[in-house]
Amino acid sequence: MKFWSQYFIPTLKESPADAEIASHKLLVRAGLVRKLGGGLYTYLPLGLRVMQKLTQICREEMERAGAIELWMPHVHPVEFWQQGPRWTAAREIMFRADSAGDGKRTPREPEFVLGPTHEEIITPLVKAEITSYRDLPKNFFQIATKFRNEIRPRYGLMRAKEFVMMDAYSFDANDDGAIKSYHAMKAAYEAFFRRIGAQAIAVEADTGVMGGSFSHEFMVPAEIGDDDVIYNEESGYAANREKATSALVPKDLADAAPTGVVEEFATPGVVTIAALAAAPHSVPAEQQFKTLIFMGDGKPFAVVLRGSDELEEAKLGALGFTLFRPATSEEIEPVMGAKPGSLGTVKGTIKNSAALAGIFADHAIRLIGNGTTGANKDGFHFRHVNVARDLAITKFGDFRRVRPGEPDPKSGQPLKSRRGIEVGHIFKLGTKYSEKFGAVYTDDQKQSNLMVMGCYGIGIGRTLQAIIEQSHDADGIVWPWAVAPFQVLICLLDPQDAEASAMAKKLAAAADQAGADVLVDDRAERPGVKFKDADLIGVPLRVTVGGRGMKEGIVEMKWRTQKDVAKLPLAEAEARLAAAIAGAAKQI
């Protein structure tokens, strides 16, 4: 047990000026963290206690799933990353780790970097240590600090430059084994979030720079989230915004027949979808073709959508470019023959079509059939443009952002949307990394085969804050029992009263004996201050000792989630408190 007067819990009445969301405000006000700089936080004793509990529960579930704990360096020789498959993309968010000494000239390329994750480190390690199928499968994990050069750190621990993460890496002999390992980890994640009292939803997700064949994010629903979850409760479909699909385009949709000859018409000054939709042209956005030009690995490519749709840029990752970005006007005009606003992909109208790496169209443009698009001539558009007859399409794909209300791909029922905080991510990587590093094993036929990998991460700090964002009220944090920094608070109203102090110590000892983490508030403060602080730091169970209650022969017991106060006779208080603790522990 701890005594508040001897511990360190610096609560604040006011929220910090730079805190934008409730969980960030409460992190600071409840004395869990203090800011050192942008995206950098010191964990104070209460915050550290929560982190330790989250870490231990995570460790237990990883080990239950068969993962083996190790510890890898945070400082990485850069050649490991240069040999890997994602150096070009990953280096943009990495810190270099060069000497700070006077007189050392910083090299143009870093010698060392700080690890944002460890695929490039674990794969060569396993390559050197595991050579036979007899030693597979293996799954290694660590719970350690990571570093990411967030340009705009915000929301406290949600988007930090230094953070604690559990990262795990599975190695299997074949694809079937890798899928089995993936599902074992998915089940471990579900058990972890269930034990810590966080409502987390597994949603289909984009693999992004990590690569691999499929992945799931674990999202904690919260109004202030960093992503949208698209879902349908009846069918069980759930995906993040970057991965979500819908049944908007029927699988049996027939191509529309042409309605007339392509006709060019003047549109001076019309360079937006909205302008073309307005009078005098009055072409509805859903009848327009939107043409966007990107640069992929240094070469331009076009993406065609309906004018009413938004591009989901992450979906362009399916095209196979290592790096891509929107093209500039200066890059577009020599290829297309016009400035943005008058672009299209009608056959024969692109100035230098050979320069394009491809023209990729979203499936939904087939719903237009015949529509309007830019003529690749400034100030002109084409009407009566038929998708099948007129557009030069290299490949169709899913590139648009799904909207709520569209039909669910599983059931056809309307999709819904809600915000969520990403707290975990799992990937089936395949052989992307083992191929780069030559991580092979010898099978029972003496043949060499690439190991099939998976990787898995849980943001421990993000999870801490996500719990607060999901579980708080106007008075402060409402901690789930399993991760509360203290589970029982003995609120001693009059520390100078010997009888009350003795009773408080007896109850604290009983709670401690029952397995709870106990904090005794023995400060010389007014009862109102103590009650407000108790609610602010979110201790699940409060027992008040002293004042009029001692004269009446009772102590008061109150759960943080309830308004009612139970009055316990002094003779029964220890047993009743122990029973309450046992009941709370059973629910974990």
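Just so it is clear, the structure is predicted and the values come from calculations on it, not from any experiment.

Novice: Go over the sheet that holds strand β19 (residues 380-386), please, and point to the residues and values.
Specialist: What the three strands build is an open sheet, ordered β13-β19-β18; its pairing is antiparallel. The sheet is open, and its two edges are formed by β13 (263-266) and β18 (370-374), each paired on a single side. Across the sheet, the mean angle separating the axes of adjacent strands is 30 degrees when strand polarity is ignored. Relative to β19, β13 is paired through four bridges, and the arrangement is antiparallel. Each residue of the ladder has a partner; that of Ala266, found in β19, is Phe380.

Novice: Describe the sheet that holds strand β28 (residues 518-521), listing the residues and the values that go with them.
Specialist: Strand order across the open sheet formed by six strands is β1-β28-β27-β29-β30-β31, with mixed pairing between neighbours. The open sheet is flanked by β1 (2-3) and β31 (566-569), the only strands paired with a single partner. With four bridges connecting them, strand β27 (residues 488-492) and β28 associate as parallel partners. Each residue of the ladder has a partner; that of Val488, found in β28, is Val518. Contacting β27, β28, β29 (541-545) and β30 (554-559), helix α12 (residues 498-513) crosses the sheet at an angle of about 175 degrees to β27.

Novice: Explain the pattern of salt bridges to me, using residue names and the numbers behind them.
Specialist: Under the definition given, this model contains 43 salt bridges. Arg389 is paired through a salt bridge with Asp390; the nearest N and O atoms lie 2.7 Å apart. Counted as one network, the salt bridges with shared partners bring together Asp228, Arg241, Glu310, Glu312, Arg401 and Arg419.

Novice: Tell me about the environment of Thr442, and please be specific about residues and values.
Specialist: Here Thr442 lies in strand β22 (residues 440-442). Through-space distance from the C-alpha of Thr442 to that of Glu111 is 34 Å; in sequence the pair is 331 residues apart. With residues up to four places along the chain from it excluded, the contact list for Thr442 reads Thr131, Ser132, Tyr133, Gln447 and Ser448.

Novice: I'd love a proper account of helix α8 (residues 329-336), names of residues and values included.
Specialist: Within the sequence span of α8, burial applies to Ile332, Val335 and Met336. Seen along its axis, α8 keeps its buried residues to an arc of 80 degrees; they face one direction. Its buried side turned inward, α8 meets β14 (289-296) and β15 (299-306). Where α8 terminates, the next one or two residues include Gly337, which has phi positive at roughly 95 degrees.

Novice: For the pairing of β28, give the residues involved together with the corresponding values.
Specialist: Where burial is concerned, the two faces of β28 agree: the one with Val518 and Val520 and the one with Leu519 and Asp521 are both buried. In this structure, β1 lies alongside β28, joined through two bridges in parallel fashion. From the neighbouring strand, Phe3 faces β28, where its bridge partner is Val520. In this region the chain leaves β27, passes through α12 and returns to the parallel neighbour β28; the handedness of that crossover is right-handed.

Cut-offs and rules
- Residues numbered from 1 in each chain as written.
- Predicted model: local features only at pLDDT ≥ 70, side-chain atom pairs only at ≥ 80, totals over all residues.
- Heavy atoms only, no water.
- Pairing = 2+ DSSP bridges.
- Helix = DSSP H or I, 4+ residues; strand = E, 2+ residues; numbered from the N terminus.
- Axes fitted to C-alpha atoms, helices over the stretch in contact; angles between N-to-C directions.
- Contact = heavy atoms within 4.5 Å.
- Salt bridge = Lys/Arg side-chain N within 4 Å of Asp/Glu carboxyl O.
- Buried < 20%, exposed > 50% of the residue type's maximum accessible area, 1.4 Å probe, protein only.
- Arc of directions from axis to C-beta.
- Right-handed = clockwise from strand over helix to strand, strands pointing away.

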